Each structure stands twice: as C-alpha cells, then as structure tokens.
Amino acid sequence: MEADARLRTVTTSNARTLVGASHRALEGRKQQVNDLNVYPVPDGDTGTNLLLTVRSVAAELAKADDNLDTRAVSDLVSNAALMGARGNSGVILSQIVRGAMEVLAEMDVVSSAGVVKILRRSTDTAYRAVRKPVEGTILTVLREMTEAAESAPETVELSELLALIVRAGWKSVEHTPTLLKVLADAGVVDAGGYGLMVMLEGMLGGDVGGASASADELFSIPGITESVPDEHGESIYTYCTTFLLEGVGLDGPDMEQVLEPLGDSLLVVGTDRQLKVHVHTDEPGVVLGLATARGVLLHVAIDNMKTQTAERDARLASPSTSPAPVGRTQVVAVVAGAGVRKLFRSLGAGPLVEGGQSMNPSAEEIMNAVCSAEAPEVVILPNNKNIVMAAEQVASLAKKPVAVLRTHSMQVGLSAMVGFDPERSLDDNVAEMSGIVDEVLSGEVTRAVRDCVVDDVDVREGAFIGLAEGKLVASGDDFFEVAREVTARLLVGERELVTALIGEGDEAESAREVIERLREKFGDAEFEVHEGGQPLYPLLLAAE
C-alpha cells in the first residue's frame, strides 16, 4: 500500500499527505454515506460530519510549521480533530484520533507492532468516550480491526498487516446488521463504520470497496451509540432527590452505577472532588446512604414531584417575554430558525449557536459561545441528539464550570428554559431544568428523503413522515393524518399542553391549518403555537 512508507515516520508532511488522502476519499463518498439513513429524515449527515472533522485537521496541518517534532504533530492533530468535531460521529472519530496520537507521540518510527498499539489505544479511548456503547456501530468496526491486528503474527510486515486490517474492517461493516435489528430492518449497514473504512482506505491509497451494502447508524442519528429507552412518560417515582457530594477521588460513573437501579432521570455531574446528583426515586434514604459512604453530603433537597407539577405548568403557560439579565449562570443553546431564536432569547438563553438538523456546529463553535458567556457558569442545550457529544467535549475542556443538558430537540430545549433562573447556581439550574425535560415528549413531521420500511412503516420518498420520541410512527400524503398520529402518541399520561413550532417555507400555511384541525381533534388539549421558522421540519411538537 502507498501509505506504508508514509507511516514509517511521523512528520508534518506525512501527516498532511495522509489526512489529505483521507479527506479526498470521504469527500467523494460523503453523499453516499449521508443517504444511508435508517430513518428517511433529511438529516442523514454522518458523511458531512466526518468530512468536516477531517477537514478541520487538514486545515490546521496546512498552517503548521514543516519542522514540528513527532509530539507536536500528534498534539496538533489530536486538538484539531477535537475542536473540529461535528456531530456524534465526528466526536467519536476525534476520540479515535486522540488515542492514535497518544501512541504516535512516543514513536519516532512506526512499525507493525506500533500499528497494533495505535489501534488498541484508539479502541479503548473511543469506547470510554461513549456512556453506553452499542455494538453494530463504528465502535464495533474499530474493535474488530484491532482484534484482527492483535491476532496477526508478530513477524508480519507492515503492508501485510494494513491489508489484513482493511479486510477485517469491511467484514465487520457488512456484519453490523446482525448486531443491530434496526439496521437489519432497514437493509443497511452502519454508516459510521462505513465512513471509517472509506477514510482508512483513502489514507492507505486503496479504492473504497468490499462493502456489498449501504450504511447507516442507530436511531437515525449517524454515529450515535447511546442506548435510548423504548418508552417515555412521566416518572413512576415520587421524590426528586438532589444533593452535592464532596470528597477525594469521587467516581461519577460508579455513583451512576449504584444509583441507576433505584430510580430514573439520573444525572451525575462534577469532578473527582465534587459531584452534583439528581435522581427520581422512591427511596431517597437509600440514595443518601450510598452517597455518604463515598463522601460528605451538602445541600440535600428531597421534593415531592406531584406538588411541583402544577407550579411548573403555570410557568409554562405564561413564560416571560423579557430576556433574563446575566447573572450567575447563562445558557448556550444550539438553535435553527429566526422564530426559534427569538423564543430562546425571550426565555433568557444566550449566547446562541446556529445549528441543528444537517448543520451540526463544531465543538469549536460551541466553545466560542461558552467563552463569550459573561456568567461564571454555563448550561449547554445541544437541542439535537447529534450535537450532544460535541457539547460534552466542550464541557470537559472549558475553563469555567459547564454542564450539558442532553436535550434532543429544540422544542424540549424551550421547555427546559422555563426552569432556568440566571441567579441560581449551575447545579441547581441543571437539576430544575432536567426535571422539566424528563416530563416532555417531542415529535416532528417532515418529508421522507427516500423509500424504505422502518419500524414496520412503509415510506415513500417525498411523503410526510411523523416521528414521536425518535420513533417513526406514521407516513403518508396527508399532512394532518401524519401529524394526528404523532400528537396522539405524545398526549399520553396526563399531558395536555402541546407546543407547536411552525417551520419555514411553502408548507408553513399548511402546518397552521393542520394545527387548527388538531385543536378540534384533541379538544381536551391546549395548543400553544409559535412561528419557529426552522428548516426541513414544517412542524415540531412537544407535549407536557
């Protein structure tokens, strides 16, 4: 393979050549990867996110000094990948790169044994970056390439090892549907893994090939590897329990693990010296006992959530129209659409980052917004599943306290803003806002970008499709019927307030007419309608 010689040494020039080759290969196949989406919504952007991430690395290398040493080149590439990461697929790629660069920084010459070490570190780093890894994704492809390399004879030549790795990668890509039913049902393979192989083959000077199927990702968000509950609804637990835990060597993941069986809506944020914990539970005493075994408790609050519901609903019904002043905490929100921007600002959000479906902002853009915030603490609302990981990377790197509330849609983000108070602390805002998010269900109506069968729903290109909590529930030519099915799925339990955001474009008037018919159909529900102006989605819905 052509890259054999280039991989022998780590220089600025070699890095430019390899990254450039990877970029060209992915650029040629970007749309192919984008089109391979389990859900036929107009945001299948794995290829775009991967390409923009690689492009960020190429841009930084182009400006770099030609005489950088191995460590400087490795650090530059790692940082550029992280700051340029777009979407979940881009963030995972940045972690793969980070692991590789950590090993490369210690090498003057790359050998076959070195490549094995690089793959192992990349795999371990990428898996650690994902809270709940799901097999059948880009992680699986990377891991199986690593295992194939580790099984090779120690005497294998570098060129032979690289060929073996590529073959193992493509084989893994083709097998991803056997690990994820959603891929098998859609008749596709994993897009993140497919994109990874496109880049790798490009880097090594080979033609993209070996995959007999197209590719896609889990839950319609390319590259995402977080498990999502099958059912959503009001918490079955009574007590909202929050507290601050101080100590030495505190372990956030350990705390999450021991508390997870005791309730839901679990949130653990902080450092190894201070953790803020939020959980809905019927056993607050047990929760506090587990915490005191690990450190010192401060600021304990146990609230009956039933009594909080009425107060929250009253605030939701009449939000303030005046922007909140800069106080102790600010909210950085990712938004799309002039009307949506106005709504977020009216609830006190800002700075705002432009982005959303098919235009995920980079980690650097989010970081710039965080840095521009005047308050000493910041909450980030990504408002899209595919932006969550980039936001979390920013939070881990920021020089001020930053927390990410994992809002997966703009309409849920708007509901969360009702619980925001700029004068409260970061932890208290996160606890209050997350409690609101837990009670909101969201849906959307858009147009299908291709023919397919997903979740037992037959879809034709150009037809309306409706999703409720990320699941495809309806498709057809009748806008109202699709919206009616989505609304019915959202109005479960005691939910009776529906917030609707009207999109931009020619279908805005039709969306308004649909809302009026929905009012008649669901007479017991209250509909609050706003001109969102968001692209691609003529109607966004949220029920509380």
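Residues numbered from 1 in each chain as written. Predicted model: local features only at pLDDT ≥ 70, side-chain atom pairs only at ≥ 80, totals over all residues. Heavy atoms only, no water.

1. Some details on the sheet that holds strand E9 (residues 377-381)
- Across the sheet, which stays open at both edges, the four strands sit in the order E8-E7-E9-E10 with parallel pairing between neighbours. A strand with exactly one partner marks an edge of an open sheet, and here the two such strands are strand E8 (352-354) and strand E10 (402-404). Going from strand to strand, the sheet's axes swing by 20° on average, the running direction of each strand aside.
- In this sheet, E10 lies alongside E9 in parallel orientation, the contact comprising three bridges. When the sheet's bridge partners are listed, Ile380 is paired in E10 with Val404.
- Contacts from helix H16 (residues 388-397) reach E9 and E10 within the one sheet, and its direction differs from that of E10 by about 160°. (Pairing = 2+ DSSP bridges. Helix = DSSP H or I, 4+ residues; strand = E, 2+ residues; numbered from the N terminus. Axes fitted to C-alpha atoms, helices over the stretch in contact; angles between N-to-C directions. Contact = heavy atoms within 4.5 Å.)

2. Side note on the packing of helix H5 (residues 87-104) against helix H6 (residues 112-129)
- Contact pair H5 / H6: the axes reach a minimum separation of 7 Å and the direction vectors enclose 140°. What the angle tells us is that H5 and H6 run oblique. The two elements H5 and H6 meet at a crossing, and its hand is right-handed. Contacts between H5 and H6 involve Gln95, Ile96, Arg98, Gly99, Ala100, Glu102, Val103 and Leu104 from the former and Gly114, Lys117, Ile118, Arg121, Ser122, Thr125, Ala126 and Ala129 from the latter.
- Here the contact of H5 with H6 is built from residues that sort into seven nonpolar, five polar and four charged. (Parallel < 35°, antiparallel > 145°, perpendicular 65-115°, else oblique. Left-handed = near helix turned anticlockwise from the far one by under 90°. Nonpolar A, V, L, I, M, F, W, Y, C, P; charged D, E, K, R; others polar.)

3. Digging into the pattern of salt bridges
- Tallied over the full model, the rule gives 23 salt bridges.
- A salt bridge links Arg98 to Glu102; the nearest nitrogen and oxygen atoms lie 3.3 Å apart. Taken as a pair, Arg98 and Glu102 lie in helix H5 at a separation of four residues, close to a single helical turn.
- Measuring nitrogen to oxygen at the nearest pair gives 3.2 Å for the salt bridge that ties Glu135 to Arg143.
- Under the relative-accessibility criterion, Glu135 is labelled partly exposed at 29%.
- A cluster of three or more residues bridged by salt bridges with shared partners is formed by Glu135, Arg143, Glu144 and Glu147. (Salt bridge = Lys/Arg side-chain N within 4 Å of Asp/Glu carboxyl O. Buried < 20%, exposed > 50% of the residue type's maximum accessible area, 1.4 Å probe, protein only.)

4. Remarks on the side chain of Thr53
- Within the element layout of this structure, Thr53 appears in helix H3 (residues 46-63).
- Within the structure, Thr53 has its side chain in polar contact with the backbone oxygen of Asn49 (distance 2.7 Å).
- If we skip the residues at most four places from it in the chain, Thr53 touches Ala81, Gly84, Ala85, Arg86, Gly90 and Leu93. (Polar contact = N/O pair within 3.5 Å; in protein donor to acceptor, adjacent residues only side chain to side chain.)

5. Remarks on the packing of helix H14 (residues 338-346) against helix H17 (residues 410-417)
- At their nearest, the axes of H14 and H17 sit 9 Å apart, and the two run at 20° to each other. By the angle between their directions, the pair H14 and H17 is classed as roughly parallel. Note on packing geometry: the crossing formed by H14 with H17 is left-handed. Along the contact surface, H14 presents Val340, Leu343 and Phe344, while H17 presents Met410, Gly413, Leu414 and Met417.
- Grouping the constituent residues of the contact of H14 with H17 by class yields six nonpolar, one polar and no charged.

6. Considering the sheet that holds strand E11 (residues 441-447)
- Sheet architecture is open: six strands sit in the order E15-E14-E11-E18-E16-E17, paired in mixed fashion. Of all strands in the sheet, those bounded by a partner on one side alone are strand E15 (471-476) and strand E17 (526-531). When strand polarity is set aside, the average angle formed by the axes of neighbouring strands in this sheet is 20°.
- Both strand E16 (residues 497-502) and E17 contribute to a ladder of six bridges, which runs parallel. The partner of Ile502 across the bridge, within E17, is Glu531.

7. Thoughts on H6
- Here H6 contains 18 residues, and its C-alpha end-to-end distance of 26 Å stays within 8% of the 26 Å for a straight helix at 1.5 Å per residue.
- What H6 keeps buried is the set Ser112, Gly114, Val115, Ile118, Leu119, Ser122, Thr123, Thr125, Ala126 and Tyr127.
- Next to the buried residues of H6 lie H5, helix H7 (138-151) and helix H8 (158-175). (Expected span 1.5 Å × (residues − 1).)

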